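# Descriptive structure summary
Chain by chain, the residues run as shown.
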Amino acid sequence: MATATNIIDLKDISVTFKTHDQTVAAVQDVDLTVEKGDIYGIIGYSGAGKSTLVRVINLLQKPTTGSVTVSGQDLQTLKPVELRQARKKVSMIFQHFNLMAARTVLGNVEYPLLGSRMSKADRRAKAARLLKLVGLAEYADTYPSQLSGGQKQRVAIARALASDPEVLISDEATSALDPKTTKSILNLLKRLNAELGVTIVLITHEMQVIKSICHNVAVMDAGRIIERGRVSRVFTQPQTALSRDFVETSTNVKEAIERIGSTVSIANFASNQELMYFNFVGQSTKEGVLSKLSKEFGIDVNILFANIDQIDGENVGVMIAILTGDIEGFNTAVTQWKDRGVTTQILTDANLKGGEL
Ligand SMILES: Nc1ncnc2c1ncn2[C@@H]1O[C@H](COP(=O)(O)OP(=O)(O)O)[C@@H](O)[C@H]1O
Ligand SMILES: [Mg+2]
């Protein structure tokens, strides 16, 4: 049953493609509920089934099995004319913008309104208002070819909003953009979510993107959702190897381990030395741990890598350091730090060689 707060409710969705010589199970047994007003991320590598799954949300892709409820309506029971209305509640933006080159920027935003009953003046006024909302008011009469990638995506967002959607789906919308432009587009999506209350479903292959604006995330692999939850939880306690992989890539820990591995050999460490990986969540900070290490255990700390993030309002940090001193005393004490949000792991040459924890 869809509850009042679930704007999207997919039940037991499977999508199977049959080509002449093979059958592809693109999506398998997926349940997905998204609360109204949420920013919900779906992360997975290429081919995981993300695009197919979100195309099911507005029935652009008919599922082989399963039910699709959006805003309380079971889409598969609607008559064609009702379905056309219902589809307007779900808009999409893509990696390649899909703007019409022969139309002006204003003309592109106005386009979805052409079939509506609005007067030309009203259509144009609405398109102009949307362009202002995405920060492109003065570009109304230019053509898409005159715009940067980030500006093109803003036009696509304005166009997507023309039908007053309740859900905006972003399918790799920032994947073709540089990091700075990506950030500005993500900030725009966050603002639209806050100001218009539009629910956002955001597909990406980058944890960095999920981390910056999503509250909840589902991890997809081979057609299935293999893990889901609050972003802060998945980030700090990933339950699957794939989630862990995405997290480590986004914190640059993998890169750091590889870099350290090319300069440090643990086999050459003295008996009172260890290479240690630290993970901090919430109140505990790097500084707190460092001062404890030196004051309580007289341990010398040589930091090789550190990274701190803010996720969903929570501090999350990692650190890799060479510790020299009373390691045994430290190891006994550190098990109690776990309750305070600090976990540690002694790294070995095998970790360094594999580039993994
Ligand atoms: N129209 C189609 N016909 C046949 N196979 C398809 C079709 N669309 C997608 N697929 C296959 O379904 C799987 C999932 O694709 P897709 O949903 O695009 O994944 P993602 O968006 O995560 O990269 C892939 O193996 C892809 O090749
Ligand atoms: Mg895709």
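Model, not experiment: these values are computed from the prediction. (Residues numbered from 1 in each chain as written. Chains lettered and ligands numbered in written order. Predicted model: local features only at pLDDT ≥ 70, side-chain atom pairs only at ≥ 80, totals over all residues. Heavy atoms only, no water.)

### Details of the site of ligand 1
Lining the immediate surroundings of ligand 1 are Phe 17, Val 24, Ala 26, Tyr 45, Ser 46, Gly 47, Ala 48, Gly 49, Lys 50, Ser 51 and Thr 52. Here an oxygen atom of ligand 1 and a backbone polar atom of Ala 48 are 3.1 Å apart. The side chain of Thr 52 places a nitrogen or oxygen atom 2.5 Å from an oxygen atom of ligand 1. Notes on ligand 1: free accessible area 560 Å², of which the protein chains cover 60%. The set of elements that each furnish at least two residues to the shell around ligand 1 consists of strand 2 (23-35) and helix 1 (50-57). For the shell around ligand 1, a count of residues per class yields 5 nonpolar, 5 polar and 1 charged. (Near = heavy atom within 4 Å. Polar contact = N/O pair within 3.5 Å; in protein donor to acceptor, adjacent residues only side chain to side chain. Areas by Shrake-Rupley, 256 points an atom, 1.4 Å probe, with all protein chains shown as cover. Helix = DSSP H or I, 4+ residues; strand = E, 2+ residues; numbered from the N terminus. Nonpolar A, V, L, I, M, F, W, Y, C, P; charged D, E, K, R; others polar.)

### Focus on helix 12 (residues 327-337)
Among all positions in helix 12, only Ile 327, Phe 330, Ala 333, Val 334 and Trp 337 are buried. In an axial view of helix 12, the angular spread of the buried residues amounts to 125 degrees, which keeps them on one side of the axis. The outward face of helix 12, more than 90 degrees from its buried face, is lined by the exposed residues Glu 328, Thr 332, Thr 335 and Gln 336. (Buried < 20%, exposed > 50% of the residue type's maximum accessible area, 1.4 Å probe, protein only. Arc of directions from axis to C-beta.)

### Describing the sheet that holds strand 7 (residues 167-171)
With mixed pairing, 6 strands are arranged side by side in an open sheet as 6-7-8-3-9-10. With one partner strand each, in any of the chains shown, strand 6 (90-94) and strand 10 (224-230) form the two edges of the open sheet. Put simply, the sheet's adjacent strands are angled 15 degrees from each other on average, direction ignored. Packed on one face of the sheet, helix 1 meets strand 3 (39-43), strand 6, strand 7, strand 8 (199-204) and strand 9 (216-221) and runs near 160 degrees to strand 8. (Pairing = 2+ DSSP bridges. Axes fitted to C-alpha atoms, helices over the stretch in contact; angles between N-to-C directions. Contact = heavy atoms within 4.5 Å.)

### Considerations on the sheet that holds strand 1 (residues 6-18)
The strand order 2-1-4-5 describes an open sheet built from 4 strands, whose pairing is antiparallel. Edge positions in the sheet fall to strand 2 and strand 5 (73-74), since each has one partner strand and no second. Note that strand 1 and strand 4 (residues 65-70) share 5 bridges and pair antiparallel. Residue Leu 10 lies in a different strand from strand 4, and its bridge partner there is Val 68. Across the sheet, helix 1 touches strand 1, strand 2 and strand 4, and the angle it forms with strand 1 is around 125 degrees.

### Quick look at the side chain of Asp 309
Its location among the elements puts Asp 309 in strand 12 (residues 300-311). On the accessibility criterion, Asp 309 (15% relative accessible area) is buried. A distance of 3.0 Å separates the side chain of Asp 309 from the side chain of Lys 211, its partner in a polar contact. If sequence neighbours within four positions are ignored, Asp 309 has contacts with Lys 211, Phe 235, Thr 251, Glu 314, Asn 315 and Val 316.

### Focus: the packing of helix 5 (residues 149-161) against helix 6 (residues 179-196)
Contact geometry of helix 5 with helix 6 gives a least axis separation of 10 Å together with a crossing angle of 20 degrees. Between helix 5 and helix 6, the interaxial angle falls into the category roughly parallel. Our pair here, helix 5 against helix 6, has a crossing hand that is right-handed. When helix 5 is examined against helix 6, the residues Gly 150, Gln 153, Arg 154, Ile 157 and Leu 161 are found in contact with a partner set consisting of Thr 181, Ser 184, Ile 185, Leu 188, Leu 189, Leu 192 and Leu 196. For the contact of helix 5 with helix 6, the residue count by class is 7 nonpolar, 4 polar and 1 charged. (Parallel < 35°, antiparallel > 145°, perpendicular 65-115°, else oblique. Left-handed = near helix turned anticlockwise from the far one by under 90°.)

### As for the pairing of strand 2
Here 9 bridges tie strand 1 to strand 2, and the two strands are oriented antiparallel to one another. Considered in strand 2, the bridge of Lys 18 is made with Thr 23. Linking strand 1 to strand 2, which pair antiparallel, is a turn of 4 residues.

### Details of the pattern of salt bridges
Under the definition given, this model contains 12 salt bridges. One salt bridge in this structure joins Asp 29 and Arg 224, with 3.1 Å as the shortest N-O distance. Of this pair, Asp 29 sits in strand 2 while Arg 224 sits in strand 10; the two residues are 195 residues apart in sequence, bridging distant segments of the chain. For Lys 292, the salt bridge is made with Glu 296, and the minimal N-O distance between the two is 2.9 Å. Here Glu 296 and Lys 292 lie together in helix 11 (residues 286-297), a separation of 4 residues that amounts to about one turn. (Salt bridge = Lys/Arg side-chain N within 4 Å of Asp/Glu carboxyl O.)

### Here we look at the layout of surface pockets
Of the volumes computed, that of the largest pocket is approximately 660 Å³. Those elements that provide at least two residues to the lining of the largest pocket are helix 2 (80-87), strand 6 and helix 5. Element by element, the count of residues in the lining of the largest pocket is highest for strand 6, at 4 residues. Along the wall of the second largest pocket there are 21 residues; nearest its centre are Thr 236, Gln 237, Pro 238, Asn 279 and Thr 343. The set of elements that each furnish at least two residues to the lining of the second largest pocket consists of helix 8 (231-236), helix 9 (241-250), strand 11 (273-281), strand 13 (314-324) and strand 14 (342-347). Looking at the lining of the second largest pocket element by element, the count peaks at 4 residues for strand 14. Its residues placed into classes, the lining of the second largest pocket shows 10 nonpolar, 8 polar and 3 charged. Looking at which domains feed residues into the lining of the second largest pocket, each of domain 1 (6-249) and domain 2 (254-354) supplies at least three. (1 Å grid on protein atoms, 1.4 Å probe; cavity = no way out; pocket = protein on both sides within 12 Å on 5 of 7 lines; lining within 4 Å. Points joined across faces, edges and corners; volume = space filled by probe spheres on them. Domains from an automatic or database assignment.)

### Things to note about the domain arrangement of the chain
What the domain assignment lists for the chain is domain 1 (6-249) and domain 2 (254-354). Look at where the C-alpha atoms of domain 1 and domain 2 centre, and you get two points 39 Å apart. The partner domain 2 presents 8 residues to the 12 residues of domain 1 that form the contact. Buried surface at the junction of domain 1 and domain 2, both sides included, amounts to about 850 Å², of which 52% is carbon and sulfur. Considering only the surface of domain 1 that becomes buried against domain 2, Lys 211, Ser 232 and Thr 236 emerge as the three largest contributors, covering 48% of it. Along the contact surface separating domain 1 from domain 2 lie 3 salt bridges. Notably, a salt bridge pairs Asp 309 with Lys 211, separated by 3.0 Å at the nearest N-O pair. Those elements that place two or more of their residues in the side of domain 1 that touches domain 2 are helix 8 and helix 9. Here the residues of the side of domain 1 that touches domain 2 are counted per class, giving 3 nonpolar, 4 polar and 5 charged. (Buried area = accessible area lost by both parts, 1.4 Å probe.)

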